[in-house]
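# A structural walkthrough
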Amino acid sequence: MPRKKRNRRIQVPPVIKGLSVYGIRGRKTNEVILHIEEYETIRLLDYQNMTQEEAAVLMDVSRPTLTRIYEEARNKVATAFVEGRDIIFRGGDFYFDTNWYKCGSCQASFSDYGETVTNCPVCQAEPVVSLNEFYKSK
Ligand SMILES: [Zn+2]
């Protein structure tokens, strides 16, 4: 029986759904799917300049597991760079620390801090979309 993968903790969802290539016209690119935990390793290691030890603690995984996720992430980003492919942030084995939502009206992202959310705290509009569910979808 395959070992069940433990979910990796993600602090904040990505602010965008992915990246699109520039300079290729009229051709639909074969996109690269970057899992949310792969995105998180790049954010923590390359953007926040953490050590792999620090990032592993935050994501609640072992250091070797963190390294494996990071190598896969870099490989995907390199493939997109070199081959000119779009990157979509989606799926993976992860959970958010808290429930995250996005307002369909003003596009604000916010978390619920344990409270039930029905309206956007910025513009009061409803409905709000669960980002947790959005990023889980394949
Ligand atoms: Zn709003």
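These remarks concern the structure in this document. Note that the coordinates shown come from a computational prediction; the quantities given were computed from them, not determined experimentally.

Along the polypeptide, P127 turns up in the loop between strand 7 (109–111) and strand 8 (128–130). For the pair P127 and N30, spaced 97 residues apart in sequence, the C-alpha to C-alpha distance is 33 Å.

Below, the discussion takes up the coordination of the zinc ion. Note on the zinc ion: its protein donors are C103 (SG), C106 (SG), C120 (SG) and C123 (SG). The metal-donor distances range over 2.3 to 2.4 Å. On the primary sequence, the residues serving as donors to the zinc ion are separated as C-x2-C-x13-C-x2-C.

Taken as a whole and assessed by the stated rule, the structure comprises 6 salt bridges. In this structure, the salt-bridge partner of E83 is R85, at a minimum N-O distance of 2.8 Å. A relative accessible area of 48% places E83 in the partly exposed class.

Across the sheet, 3 strands lie side by side as 2-4-3; this open sheet has mixed pairing. The open sheet terminates on both sides in strands that have one partner only, identified here as strand 2 (18–19) and strand 3 (32–34). Two strands pair when backbone bridges link them, and strand 3 and strand 4 (residues 87–89) are joined in this way by 3 bridges, in the parallel orientation. Considered in strand 4, the bridge of L34 is made with F89. Running over the sheet, helix 1 (residues 36–47) touches strand 3 and strand 4 and is turned about 75 degrees from strand 3. Strand contacts of helix 3 (residues 63–83): strand 3 and strand 4, with the helix running at about 150 degrees to strand 3, the strand carrying the most contacts.

Rules behind the numbers
Residues numbered from 1 in each chain as written. Predicted model: local features only at pLDDT ≥ 70, side-chain atom pairs only at ≥ 80, totals over all residues. Heavy atoms only, no water. Helix = DSSP H or I, 4+ residues; strand = E, 2+ residues; numbered from the N terminus. Donors = N, O, S within 2.8 Å, 3.2 Å for Na, K, Ca; no water. Salt bridge = Lys/Arg side-chain N within 4 Å of Asp/Glu carboxyl O. Buried < 20%, exposed > 50% of the residue type's maximum accessible area, 1.4 Å probe, protein only. Pairing = 2+ DSSP bridges. Contact = heavy atoms within 4.5 Å. Axes fitted to C-alpha atoms, helices over the stretch in contact; angles between N-to-C directions.

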